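# Coordinate analysis (summary)
So you can see what is in the structure, the chains are spelled out below.
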Amino acid sequence: MNIELSKESEQLLQSVLASGESQDVGAHVESLIREDSLTRQQLHAALTNAADSIEEEAIIGLQSGEPLDVTADYWQEKRARIEGQK
């Protein structure tokens, strides 16, 4: 497989190879692909957990009592009550 790199990327890759961080271009690319795959798996797991948490909180909210009509008046009255408590 052939890939084209920008001069900047090619210089960075040459620097990595010269420093001994990687044996060769193929090994470095494989390492980057593994890291990318792991990052994607971790991100997917984090997003799944966040979605589950949001769903749980939504269910708790729906089961918390009678629904409120949240209008501009509601917020205005709420602000007035909070400011009256200061």
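All values derive from a computational prediction rather than experimental measurement. (Residues numbered from 1 in each chain as written. Predicted model: local features only at pLDDT ≥ 70, side-chain atom pairs only at ≥ 80, totals over all residues. Heavy atoms only, no water.)

## Topic: the overall build of the chain
Looking only at helices and strands, the chain has three helices and zero strands in total. In sequence order, the secondary structure elements of the chain are arranged as α-α-α. At 27 Å, the chain has a C-alpha radius of gyration far larger than the 12 Å of a compact globule built from 86 residues. Overall, the C-alpha framework of the chain stretches about 65 × 30 × 25 Å when taken along its three principal axes. Within the chain, the proportion of its 86 residues that are buried is 5%. (Helix = DSSP H or I, 4+ residues; strand = E, 2+ residues; numbered from the N terminus. Rg over C-alpha atoms; globule rule 2.2 N^0.38 Å. Buried < 20%, exposed > 50% of the residue type's maximum accessible area, 1.4 Å probe, protein only.)

## With respect to the side chain of His28
Tracing the sequence through the fold places His28 in helix α2 (residues 25-62). Once residues lying within four places of it in the same chain are set aside, the contact partners of His28 are Leu13, Val16 and Ser22. (Contact = heavy atoms within 4.5 Å.)

## A short note on the layout of surface pockets
In this structure, the largest pocket encloses a volume near 170 Å³. Lining the largest pocket, in full, are Ile3, Leu5, Ser9, Leu12, Leu13, Val16, His28, Val29 and Leu32. Those elements giving two or more residues to the lining of the largest pocket turn out to be α1 (7-19) and α2. (1 Å grid on protein atoms, 1.4 Å probe; cavity = no way out; pocket = protein on both sides within 12 Å on 5 of 7 lines; lining within 4 Å. Points joined across faces, edges and corners; volume = space filled by probe spheres on them.)

## Section: the confidence of the model for the chain
Residues of the chain with pLDDT of at least 70 account for 100%, and the chain-wide mean is 94. At the level of individual helices and strands, the chain shows its lowest average pLDDT in helix α3 (residues 72-85), which scores 93, and its highest in α2, which scores 96. (pLDDT = per-residue confidence, 0-100.)

## Side note on the packing of aromatic side chains
Tallied over the full model, the rule gives one aromatic pair. With a centroid separation of 5.1 Å and an interplanar angle of 80°, the aromatic rings of Tyr74 and Trp75 are classed as edge-to-face. Trp75 gets classed as partly exposed once you look at its relative accessible area, which sits at 41%. (Phe/Tyr/Trp six-rings, centres within 6.5 Å; stacked < 30°, edge-to-face > 60°.)

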